[in-house]
Amino acid sequence: MQDKLKSIGKPSPKHDDLVKVSGRLNYAEDYSMPGMLYAKVLRSKYPAAKILSINTARAEALPGVKAVLTAKDVPYNNTITKFGQSKDVGGGFEALYRVLAEDKVRFTGEAVALVAAETLAQAEEAVKLIEVDYEPLPGVYNVEDAVQPDSYKVGEEDTNIIAHFKSHKGDVEKGFSEADVIVENTYRVPFVDHTYLEPESGTAWIDDQGVLTIRVSTQVIEHFRGVAKVLGLPENRVRVIGTMLGGGFGGKEDITVESFIALLAWKTGRPVKLTYTREESFLAHSKRHRYVMHYKIGAKKDGIITAIKAEILSDSGAYPYLSPWVLMYSTVCAAGPYSIDNVDVDCKSALTNNPFGSANRGFGSPQVNFACESIISELAEKIGITPLEIREKNCIRQGNVLAGGMKMDRYVALPDVGVQAWEAINEQPKLKPADESKKVGRGMAIGMMTYGRMTFLHDTSRSHIRVELDGSVTVRCGVPDLGGGQAASLCQIVAEELGVPLSKVRIYISDTALTPLAGTTTATRQLYMSGNATLKAARVLRERLLTRAAAELNVTAAELDIADEKIFVTAVPDRSLPLKQVILFCSGEGVELFHEAQFNAPFTDVPDLSNVQGQVHPDFTFGAHAAEVAVDTETGEVEVLNIVSCFDVGRVLNPLRCEGQMEGGSIYCMGYALTEEIILEDGITLNSSFTDYVIPTALDAPHVQSITLESKAGLGPYGAKGIGEPACNSIAPAIIDAIYDAVGVRIKDLPATPEKILAALKA
Amino acid sequence: MNSFRLINPGSIDELYNQLSERGSAGRIVAGGTDLLPAFKKEKTAVPEFVINLKSISELADINEEETKINVGALATHAEIVESFLIQGKAFVLAEACDKIASWQIRNLATVGGNIANASPAADSVPALLVLDAHLHLGSKNGHRDIKLEKYFTGPGQTVLADGELIEKVSFSALAKDEGAAFVKLGKRKAVTLSIVSAAAYVKLSPDHLVIEDVRLAMGSVAPTPLRIKSAEALLKGSKANQFDRQKLHETVRKDIKPIKDVRSTAEYRLEVSAVLIERAVKLAVERARTAGKGGHQ
Ligand SMILES: Cc1cc2nc3c(=O)[nH]c(=O)nc-3n(C[C@H](O)[C@H](O)[C@H](O)COP(=O)(O)OP(=O)(O)OC[C@H]3O[C@@H](n4cnc5c(N)ncnc54)[C@H](O)[C@@H]3O)c2cc1C
């Protein structure tokens, strides 16, 4: 069956592509309700301050204002963050979720009060009339200060440290004593934003059954449970309908507007809409964590690495959100995809009065990948071997054990991905720029990133398929579609298994009341999880149809196959029945033409946090990036000329989407390497706009060559792995390595701005 | 954002009447690409009346009077970039306007708005400064001409009086042995404000060996775009292909007063300013040499 797939592997456009490019798709902000009010959020102007009093009287008196809420109006203002996991994982991983600031504010932009009014202008005006009496507090803005015992305390606890994970293997001191070459460096990466096109938006209303209904742009419809908790409602009285997202990248994994509009709708009894402005979005949602990473690595003269030590400090910002989870990924990935005998990894995350960190494409992997790959390239150079050679000598292979103790018993595409990326970038001779001040260089990096959630969360997904009497198929699956084609891939699986054209499969997604819960669209998990749930459901239906046809054709079901809307005898394809005919037989005889299936990922216990060992993730995707850059030696400007992205994706379901992820991922973290950073001055964001927060434009994006390898060794449908997050993992160190190759300076502090490069060149 | 009343005057006379009548309650809008973001960000108070220039089409004319080129204040950056007249006889202006923002913005934004907004980073201004441009200002009470160089008094500050507007900007077409160039350093290739920008104009001796005349200007290195006069003095009379690089760099540094902002530190601006001026001069010299031979001037 694997060899004659009809739908899988074909470059078919998504069912929603045309509506998107023609501007007809409705995003969250496009929906309105009759009698709708507009909401606005009052946000803290201080990063750290005591709230002495809040006076809402003038705001309430403003014509058109229907509600003004502060923390005291929220039934359950302090709850625990949950992200749709099936199992309570408790302290350390599940942390405070506070709807509105109380007693003290912890970051600039923290929500302090909510307003709902008849018009947006009235809501904006009312927010300005709320008088908050603050007493500014000193705050702490540098995570290296925040971990000190006598530091300012951001929250209510007597330490700012919210997570501390360690992982070790062998004896690093012995390993370093055996090394001929040792390199030691500190690497820094900044807070960065997701920069999705669509800012946070949603509308809430109470339906005619009294159900609080929220239509919202979210990666996690399971937050309906969190909203129910905030309001003290039964979970079946809150419904979340997810819209198609104009981008998520992890930034819509936490609750965004849901609780705010739910509270206001509940209070006023009217529909309420809230859409953030771009500036507000920058201030209000999470960031990829700032990291300070101290690395030490040693190797023998022949390039074999003897020990690696990593001390990692993550700036969690003002609230924990997903910081401990992100830190766990960093812990597992800190020593990279290498087989090293002596490893010592120590990771901490601490609160500061900066914007809060949470999920961002890569989830703790790109940070440590940048540090680890940078130091490996520097080590190679000190030893006198190429960046590729050192990776070939040390990378893990099938059967090896990762630093964190997980045995890689599935196929590992290392060093192949690295070899192919490096060969592809070196296929053409290096360009010689006409401009004498410009120098060209090439670099590479490899990486591993997980797909699927951490196994101690006991991840599950469900999908429901119904075969219609005319041979079309309806799928229901609570999967939020971020634009990556999460829904379309499920349709392809159904089309494949039931032998119908893609155009005959319709999918309904993202509704907690009407679609089976599929879990979050995060952690590069939907193809793996919901793909498998859908595959499971489709195969049950397929079996029923084949069984019924077998009786008709006088063969066993095992002798049959379905394709092109026909069920036929595999050996004698002419002996066939129209699929529709078989469906009608089933329908007439009471055979169930629908099925809902659940897929469970592997389940493990919470690991020992003082020495994380064994399985924490279901599996990994291995990949590599190579980059070619031109550096202007007089201004420090970098132009990325070419990128090669090479991944073992297991199986390509749709080349268009797969390459889309690989190209997008490359450009996403090209910005991380070169231009992007949240510029903070004592907790104040100085660049909360697209004027000053600099992402690459179409003109800055070079050609990206995507090379996909198909080992079919993944845990997803047809052997697929995940590609969404891994796609951005190793591009930053590849670019930094290319800059070094061009001009001989290694930037250890992202982003590699022209200014830093020029200063390094002059030093 | 507060609402305002948009006034669309039907003629230039009505426009001046409106301007004088509305006084400080009125504000001109052209492309709106500076003004509307400023309203939204509450950097500029929303006035009661916004007077729309876009209906006065005569203010968008780009034309030539003998050796003088006039660019109407309402000419958009896209129109300037595409104008054969500008491309042929004042390419430096097209070059600068082409580096502003994105296609979408260039289709809306006007050169008058770029000048009037008086940002130190206004990209058309260094180009116009090296062209030695004049502004023609008009109001109900008449017209006056002013050198562009004298127009700016600080960031967002100009000598424009109440009720007055920029009607057009004029400069001489470049002639034989003359060339000019604009270079910009931003954080990316498009939709980026200048970290530093530089423009140069040179007039070479007939044998193309000596710089007979030179004008230099920069953006984003002082409270206003400005001429770099000591560097001009240094280059004037020097050899076209062999000027003293070291001295030029030192001189440029003395003429500018860059600040630190979210785009750059002051030190980096100092570092790269001279590099940009040098590149602009070299390009201008090259163009002056090929002037009249089909190359850009
Ligand atoms: C995304 C973006 C990117 C940008 N990038 C750049 C860039 O790279 N380089 C750059 O230089 N600028 C840039 N800008 C700024 C802006 O586009 C330019 O300054 C533009 O030329 C302004 O022209 P406008 O017609 O839109 O002016 P408006 O916004 O209409 O007006 C600006 C100001 O000038 C006044 N005004 C307008 N016309 C006249 C007149 N004829 N007489 C007197 N006063 C007048 C208005 O009252 C207002 O105060 C950018 C703007 C945006 C939004």
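Residue positions are counted from 1 within each chain, in the order its sequence is given. Following the order in which they are written, the chains are lettered starting with A and the ligands numbered starting with 1. Selection of residues for local features in this predicted model requires a pLDDT of at least 70, selection of side-chain atom pairs for listing and counting requires 80 or more, and totals for whole chains, interfaces and linings are taken over all residues. For the side-chain quantities, the full set of heavy atoms in the structure was used; hydrogens and water were omitted.

1. Some details on the overall build of chain B
Strands here are runs of E lasting at least two residues and helices are runs of H or I lasting at least four, both read from the DSSP assignment and numbered beginning at the N terminus. Of the regular secondary structure elements, chain B holds 11 helices and 14 strands. Based on C-alpha atoms, the radius of gyration is set beside the globule rule, defined as 2.2 Å times the residue count to the power 0.38. On C-alpha atoms alone, chain B measures out to a radius of gyration of 19 Å, which is about the 19 Å that the 2.2 N^0.38 rule sets for 297 residues. For chain B, the spread of C-alpha atoms along the three principal axes comes to 60 × 45 × 30 Å. Think of it in three bands: residues with accessible area under 20% of the maximum for their type are buried, residues over 50% are exposed, and the middle band is partly exposed, with areas taken using a 1.4 Å probe on protein chains only. Burial statistics for chain B: of 297 residues in total, 55% are counted as buried. The contacts in chain B between residues at least 6 apart in sequence include a share of 62% that link residues at least 24 apart. When charges are counted, neither His nor the chain ends are considered; positive counts come from Lys and Arg and negative counts from Asp and Glu. By convention, the charge on Lys lies at NZ, on Arg at CZ, on Asp at CG and on Glu at CD. Side chains of chain B carry 40 positive and 36 negative charges; the gap between the two charge centres is 6 Å. Throughout, a contact is declared for two residues whenever any of their heavy atoms are within 4.5 Å.

2. Topic: the overall build of chain A
Helix and strand content of chain A: 18 helices and 30 strands. Its C-alpha atoms give chain A a radius of gyration of 27 Å, within 12% of the compact-globule value 27 Å for 763 residues. Taken over the C-alpha atoms alone, chain A extends approximately 80 × 75 × 55 Å along its principal axes. Taking all 763 residues of chain A together, 63% fall into the buried category. Per element, the accessible surface of chain A, about 26600 Å² overall, is 50% carbon and sulfur. In chain A, 77 positive and 98 negative side-chain charges are present, and the distance between their average locations comes to 3 Å. Note that accessible areas follow from Shrake-Rupley with a 1.4 Å probe, and for residues the cover is restricted to the protein chains shown.

3. Some thoughts on the sheet that holds strand β25 (residues 594–600) of chain A
Residue and element names in this part refer to chain A. Following DSSP output, two strands are said to pair if at least two bridges run between them. Ordered by their spatial adjacency, 4 strands build an open sheet running β21-β20-β19-β25, and the pairing between neighbours is mixed. The sheet terminates laterally at β21 (505–509) and β25, the two strands that pair on one side only. Ignoring strand direction, the axes of neighbouring strands in this sheet form an average angle of 20°. Alignment of strand β19 (residues 460–467) against strand β20 (residues 473–477), held across 4 bridges, turns out to be antiparallel. Opposite R466, over in β20, you have T474 as the bridge partner. Axis definition: a line fitted to C-alpha atoms, limited for helices to the stretch in contact. Angles are taken between N-to-C directions and run from 0 to 180 degrees.

4. Focus on the pattern of salt bridges
Any Lys or Arg side-chain nitrogen located within 4 Å of an Asp or Glu carboxyl oxygen qualifies as a salt bridge. Considering all chains together, one arrives at 57 salt bridges over all chains under this definition. The partner of D749 of chain A in a salt bridge is K756 of chain A, and the shortest N-O contact between them spans 3.6 Å. On the basis of relative accessible area, D749 of chain A is assigned to the partly exposed category, the value being 32%. Residue classification places K756 of chain A among the partly exposed positions, given a relative accessible area of 26%. Here R144 of chain B makes a salt bridge to E164 of chain B, at a shortest N to O gap of 2.7 Å. Of the two residues, R144 of chain B sits in strand β7 (residues 142–147) while E164 of chain B sits in the loop between β9 (157–158) and β10 (165–172), which places them 20 residues apart along the sequence. With a relative accessible area of 33%, R144 of chain B lands in the partly exposed category.

5. Here we look at the domain arrangement of chain A
All names here are of chain A. Here chain A is partitioned into domain 1 (2–25 + 460–600), domain 2 (31–137 + 200–275) and domain 3 (290–454 + 606–762). Residue ranges labeled as domains rest on an automatic or database domain assignment. Placing a centre on the C-alpha atoms of domain 2 and another on those of domain 3 gives a separation of 36 Å. Listed as interface residues are 23 residues of domain 2 and, on the opposing side, 26 residues of domain 3. When the buried area of domain 2 at its contact with domain 3 is split by residue, F93, R106 and F249 rank highest and sum to 34% of it. Linking domain 2 to domain 3 there are 0 salt bridges. Accessible area that two parts lose when put together, evaluated with a 1.4 Å probe and summed over both, is termed the buried area.

6. Considerations on the environment of L100 of chain A
All names here are of chain A. Along the chain, L100 falls in the loop between β5 (96–98) and β6 (104–105). A relative accessible area of 0% places L100 in the buried class. Along the chain, L100 and A111 lie 11 residues apart, while their C-alpha atoms are 5.4 Å from each other. Aside from chain neighbours lying at most four places away, what touches L100 is L69, T70, A71, V74, N77, A111, V112, A113, L114 and F260.

7. Some remarks on the site of the ligand
Residue and element names in this part refer to chain B. Inspection of the region around the ligand gives 32 residues, with R27, I28, T33, D34 and T110 positioned closest. Polar contact is defined as a pair of N or O atoms within 3.5 Å, subject to the rule that within protein one atom must be able to donate a hydrogen and the other to accept it, and that residues adjacent in sequence are counted only when both atoms are side-chain atoms. The separation between an oxygen atom of the ligand and a polar side-chain atom of K184 is 3.0 Å. Protein burial of the ligand: of its 980 Å² of free accessible surface, 89% is covered by the chains. Of all elements in the fold, only β2 (26–29), α7 (111–116) and β10 reach the threshold of two or more residues within the shell around the ligand. Near is defined per residue: the residue qualifies when any heavy atom it owns lies within 4 Å of the molecule or strand.

8. Description of the interface of chain B and chain A
Residue-level contacts link 21 residues of chain B with 24 residues of chain A. Taken over both partners, the interface formed by chain B and chain A buries close to 2000 Å², and the fraction arising from carbon and sulfur atoms is 50%. In terms of surface lost to chain A, no three residues of chain B exceed R188, K189 and V262 of chain B, which account for 32% of the buried area on that side. Inspection of the region where chain B meets chain A yields 6 salt bridges. Across the pair R279 of chain B and D632 of chain A runs a salt bridge, and its minimum N-O distance is 2.9 Å. Residue composition of the side of chain B that touches chain A, by class: 10 nonpolar, 3 polar and 8 charged. Each residue is assigned to one class: nonpolar for Ala, Val, Leu, Ile, Met, Phe, Trp, Tyr, Cys and Pro, charged for Asp, Glu, Lys and Arg, and polar for all the others, Gly among them.

9. Re the pairing of strand β16 (residues 305–317) of chain A
All names here are of chain A. Burial analysis of β16 places 11 of its 13 residues in the buried class, the great majority of the element. Bridge count between strand β15 (residues 290–299) and β16: 10 bridges; the pairing is antiparallel. Residue pairing across strands places Y295 opposite A310, the latter belonging to β16. Here β15 folds back onto β16 in antiparallel fashion, the turn holding 5 residues, of which G303 has a positive phi close to 95°. Here β16 runs beside strand β17 (residues 342–351); their pairing, made up of 10 bridges, is parallel. Bridged to I308 within β17 is V343. By convention, a crossover is right-handed whenever its connection, traced from the first strand over the helix to the second and viewed with the strands pointing away, goes clockwise. For the segment spanning β16, helix α9 (residues 323–333) and β17, crossover handedness is right-handed.

10. Some words on unusual backbone geometry
Residue and element names in this part refer to chain A. Residue P415 follows L414 across a cis peptide bond; omega there is 0°. Within the secondary structure, P415 is located in the loop between α11 (387–394) and α12 (416–425). Omega for the peptide link from L750 to P751 comes to -5°, which places this bond in the cis form. Looking at the element boundaries, P751 is found in the loop between α17 (731–743) and α18 (754–762). Phi at N554 takes a positive value of approximately 60°, unusual for a residue other than glycine. The class of N554 is exposed, set by a relative accessible area of 71%.

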